Structures are given as C-alpha cells and as structure tokens.
Amino acid sequence: MSELIKKQLVIDGKTENSSNNETFLSINPATEEAFAEIQQATKEDAQKAILSARKSFDGGKWRSASPGAKAKVLWRIGELIIKYRDELAELETKDTGKPISETKNIDVPLSADLFRFYAGAVSKIHGETIPVNGNFFHYTLREPVGVLGLIVPWNFPLLLACRKVAPAIACGNSAILKPAEISSLTALRLGEICLEAGLPEGVLNVISGKGSVVGQALVDSALVDGIAFTGSTNIGQNLMRSGAVNVKRLALELGGKSPNIVFADSDLETAIKMAAIAIFYNKGEVCTAGSRLFVEEKIYDEFTEKLSERAKKLVPGDPMNEKTRLGPLVSKEQLEKVAGYVKIGTEQGAKLSAGGEKFDIGNGGKGYFFKPTVFTNVENSMTIAQEEIFGPVLSVIKFSDVEDVIQKANDSLFGLAAGIWTNNLKKAHYVAHKINAGTVWINTYNVYDAASPYGGNKMSGFGKESGMEAIYEFYTRSKTVWVDLNF
Ligand code: NAD
C-alpha cells in the first residue's frame, strides 16, 4: 500500500495538528482503501479557528483593504487553483470517486472561475443614495457581515467550498470552512492555497472534523455572525433550530428532487441523451439531479425504451482512467442507501427497466460501483419519486398535457431546479414561469456559471449563491446612514 497523504488543519495562517492529535482516514470509494490521514478538529480547534477569524475581522486588515488589493489576492487564488489543477483533481477523484476527466475539466476550472468572478466583483459592491422626505442626505453602505461559518457537503467538495469562500472573502468577511468528513482534502488544500496567494492569516480557517462537533460549534458560537450551509434538508432544519438561539444569519442550500420534463415536440435524441446526463452525471450525487423525469404520454414507451438502453450501456469504471464517465458512489453508506431505495421502488410497483444493482469493474468486486438505474411506470406519489435518493436512480413518470405536468412537477416538497425539453418557445417559457424552482433549464441541464445566481425554494432552502446576488443576499449587509443637512 502506498503511503498515506497527511493533511492538517488550517488555523490562523498556519497548518497544524488538532488539539488532541486525533486523525481520521479518507477512503477511496473505487478501491475501498484508505489513502489519506486527516487531522480531526475538536471543539477547542473550532473555538481557536473562530477566535482567529474574529481577530482578523475585528483587526480590519483584510476587511478594509482596498477593492484593488482584494481583487489581486482573489485573482491569484484562481490562478493557483489552475496551477495545482492536476493535484486537486486527483485528490477530489480519490476522495469522491468522480471521474478524473470531470474533476480536471469541470470541478477545478469552475472553482477557479468563482475567484476570478469575485475578483472582478469586489470593485462593484456599493450602497445607494436614496431620496427621503426632509432635509437629509440619506445613503446605505454595503458592509461585510463579519465572521462566517461555511459548511459544505461531499458531492462537489472543492467547487461548493469555493462557491462560499470566494464571495465571503471578496466582501471582506473572515471565515471558517468546514468540509464534509469524507471529502476534506481539497478544502484543506484550498486553505493552504489562499495563504500562498497572500490572504492574511485568520481570514480563512479550514477545520476538518465531525459535523455534529465542529460544524455544530460554528452554529452555536455567538462569535459567528452567519452560516452558509450546503447539505441535507434534515441537517439544515437542525441548523435553523440551533441558529435561532443567536438569531444567526443563515443561507441554506438543501436537497432536491428536480423534475425534468420532456414534451413530445422536443428534439428526442438530444432529450434522451441529456435526460441520462441529468441523472447520471456525478453518479446522481448532485443536488439538482433530474431525478424525476416526466415524459409526455404519446412518446413514453419509445422514449423510456431508448433511455433504458442508453443507461445499460453506461458502464461504471475506474475513476482515475481518463476515459471513465461514471465512477463509484462516494461511500458504502451511500451505496446501501441507494440499494435500499431500489428495493422500495420495486416493492411499490415501479418497473425496473435498467440497472438496480452493484457493479464489479473487474477488481474483485471492490468499490462502491452501482449500475445506472431506470424505473418506469412510476407514480409521482411513490417514495422513489418523492424522496431524494442522491444516487444514479431515475424515476420516469407519464404526463398527459402542460397543466398535468405542471401540477405533478410542483407536487414535491423540494424546489431546487427543473428542466424543460420542447421546441415550442411559448410553451417553454410558460412552463418555466409556472414551475416552483430556483433554477429552470430549457433544452439544457446542469449548467452553472460563477455569474449565475443559484438557490432553492421550499425545502430546498433559501438564499442565493454565485453571481452578484450572493453578495447582496448573504455576504454583505446594508447599513442606513441619515445626515441632517439643516444649518
Ligand atoms: P449533510 O447534511 O450530511 O452534511 C453537510 C455538511 O454539514 C457536512 O460538512 C457535515 O459535516 C455538516 N454537518 C452535519 N451535522 C452538522 C451539525 N449538526 N452542525 C453543523 N454542521 C453539520 O449532507 P451530505 O450528506 O454531506 O451531502 C448531501 C446533501 O447535500 C444532499 O441532501 C444534497 O441534496 C445536498 N446538497 C445540496 C446542494 C444545493 O446546492 N442545494 C448542493 C450539494 C448538495
């Protein structure tokens, strides 16, 4: 076995061990072998990171740096992310099972883009002068919020960390980043990269460890002014409850069960290909996965048959191979969860048209590989159509017309994203306006950009990330100033 990669916490401008020197192992889901040993932060470490962030924010060095000076550091972070692309991509692939072609060409470049976008945005953050009654000069200031806890999940560890870190520091906040236990490596590396780029000590601290210990410590601390959280709805609800104690500022990016709607008048070959990508990209471990596919009645049989054939041909493989398009699920726990949902789907009467079982890539059954799975004859009320599976399992549901599909698509606790496939422009916009979701893709799916606001409705959370909206919705607050102009 090759030597374990070792990673330390990033606190107050230094890399260091946890206060009790405890570590945890990171398991490569493709081999089931440990490949990294990571420092496990304690409550004391969380406290230390919070105090460091507090000191850096209250000291004002970064917060009051000029927009130009901030932009230079942000741009440099983006450059360094690209410089270390191969290293970051390999860490991410070994941690999560994402194919190396994706981590190299999607996760890493999009992460760098976020820093470049916010490097440009820093000089465009401003308040307003507002005419009011009376003889007053009245204006608003846009200020950083203070110390922020940034808590992220395991499915896009680097990208989702950058989505929070870039706007947080661009706006002059100080932060503590807490990655998910099973995917901490690239977040810790990001902390080191930020220091190398010249970000002052304490502005970004990164602590790996248990959510219930260090994540919770961030939420409970009165010294933390806000929490930006991406993760499951369940934990998001808990954070709202505990955050209520200090009336904590919150942004929550939670789960999804996104409808992907195919009308008979769409370009069917493209729709089939993209319906598969919408659910199987990143093994379905995507919050916006198009996991409920609605297909118009008159094309349902032909469409589902072709789609199932396509799914059968999509074979998982070694994620370190450049040609692989589908890697293993992130963990044993996730594999068991997905297999459990397949069982429920079959028991509730859905028809298993493709996949549905673990897959051996030819390495003695090692790795958490799962075949791309398609269920047809699904009713929208079934468990597999209502609960977030977070795996490569597609539920295909029939609909009769526009109003029928709008009703069914909106019949969900979630409201994160939706897809619409049609060549009828009027219909596309009509349905886009009627769907309760934070993002709607028309004749495309799962496209993202640093400039594009992103967030969910209903139990998918609230608050927007990316773009200028993130700055105004979460990472800055407004202060009103009244000046009496009467002599
Ligand atoms: P999770 O909720 O289990 O964990 C997310 C993060 O919260 C982790 O860092 C975890 O350590 C931390 N955490 C756990 N308990 C905590 C506590 N008590 N206090 C503070 N922090 C705590 O989610 P996951 O399993 O890592 O990720 C999968 C989920 O994330 C899915 O539900 C998925 O939909 C969601 N997700 C949403 C988006 C989005 O943008 N809406 C994006 C990606 C993933």
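Rules behind the numbers
- Residues numbered from 1 in each chain as written.
- Predicted model: local features only at pLDDT ≥ 70, side-chain atom pairs only at ≥ 80, totals over all residues.
- Heavy atoms only, no water.
- Near = heavy atom within 4 Å.
- Polar contact = N/O pair within 3.5 Å; in protein donor to acceptor, adjacent residues only side chain to side chain.
- Areas by Shrake-Rupley, 256 points an atom, 1.4 Å probe, with all protein chains shown as cover.
- 1 Å grid on protein atoms, 1.4 Å probe; cavity = no way out; pocket = protein on both sides within 12 Å on 5 of 7 lines; lining within 4 Å.
- Sits in = over half its atoms within 2 Å of the grid points.
- Helix = DSSP H or I, 4+ residues; strand = E, 2+ residues; numbered from the N terminus.
- Nonpolar A, V, L, I, M, F, W, Y, C, P; charged D, E, K, R; others polar.
- Salt bridge = Lys/Arg side-chain N within 4 Å of Asp/Glu carboxyl O.
- Buried < 20%, exposed > 50% of the residue type's maximum accessible area, 1.4 Å probe, protein only.
- Points joined across faces, edges and corners; volume = space filled by probe spheres on them.
- Domains from an automatic or database assignment.
- Arc of directions from axis to C-beta.
- Contact = heavy atoms within 4.5 Å.

**Q** What is the right way to look at the site of the ligand in this model?
**A** Taken together, 28 residues lie around the ligand, and Val152, Gln216, Ser232, Leu254 and Glu388 are the ones closest in. At a separation of 2.9 Å, an oxygen atom of the ligand approaches a polar side-chain atom of Glu181. In the model, a nitrogen atom of the ligand is placed 2.6 Å from a nitrogen or oxygen of the Leu254 main chain. The fraction of the free accessible surface of the ligand (850 Å²) that becomes covered by protein chains is 89%. Cavity membership is defined here by more than half of the atoms lying within 2 Å of grid points; on that basis the ligand lies in the largest pocket. Elements supplying a minimum of two residues to the shell around the ligand: helix H7 (211–220), strand S10 (226–230) and helix H8 (233–243). Top element by residues in the shell around the ligand is H7. It accounts for four residues. Taken together, the residues of the shell around the ligand break down into 15 nonpolar, nine polar and four charged.

**Q** Would you take a moment to explain the pattern of salt bridges for this structure?
**A** Two side chains with opposite charge may pair up if their charged atoms get near one another. For the coordinates displayed, the defined rule picks out 29 salt bridges. Among the ionic pairs, Asp265 bridges to Lys427, the shortest N-O distance being 3.0 Å. Taken as a pair, Asp265 in the loop between strand S12 (259–262) and helix H9 (268–280) and Lys427 in helix H14 (residues 425–434) lie far apart in primary sequence, 162 residues in all. Residue Lys427 is classed as buried on the basis of its relative accessible area of 17%. A salt bridge links Glu357 to Lys371; its shortest N-O distance comes to 2.7 Å. With Glu357 in the loop between strand S14 (351–354) and strand S15 (373–376) and Lys371 in the loop between S14 and S15, this pair connects stretches of sequence that are 14 residues apart. For Glu357, a relative accessible area of 42% puts it in the partly exposed group.

**Q** Explanation requested: empty space enclosed by the protein in the structure shown.
**A** Where empty space is left becomes clear once a probe the size of a water molecule has been rolled over the atoms. For the structure on display, the rule yields four cavities of 30 Å³ or more. In this model, the largest cavity occupies a volume close to 100 Å³. Lining the largest cavity, in full, are Leu110, Asp113, Leu114, Leu159, Arg163, Tyr448, Asp449, Ala450, Ser452, Tyr454 and Ser466. Breaking the lining of the largest cavity down by element, the ones donating at least two residues are helix H4 (100–121) and helix H5 (157–170). By residue number, the principal contributor to the lining of the largest cavity is H4, which donates three residues. For the lining of the largest cavity, the residue count by class is six nonpolar, two polar and three charged. Inspection of the lining of the largest cavity shows a minimum of three residues originating in each of domain 1 (5–254 + 460–481) and domain 2 (259–450). Taken as a whole, the second largest cavity encloses approximately 70 Å³ of empty space. Gly256, Lys257, Ile279, Gly284, Val286, Cys287, Ala289, Ser291, Glu388, Ile389, Phe390 and Gly391 are the residues that line the second largest cavity. Within the lining of the second largest cavity, the residues separate by chemical class into six nonpolar, four polar and two charged.

**Q** I'm lost on H14 in this one. Help?
**A** Three or four residues apart is the spacing at which side chains of an α-helix point the same way, because the helix has 3.6 residues per turn. All of the buried residues in H14 are Lys427, Ala428, Val431 and Ala432. Considered in projection along H14, the buried side chains sweep an arc of 130° and stay on one side of the axis. Exposed residues on H14 whose side chains face more than 90 degrees from its buried face are Leu425, Lys426 and His433. Buried residues in H14 make contact with S12, helix H13 (402–410), strand S18 (417–421) and strand S19 (439–442).

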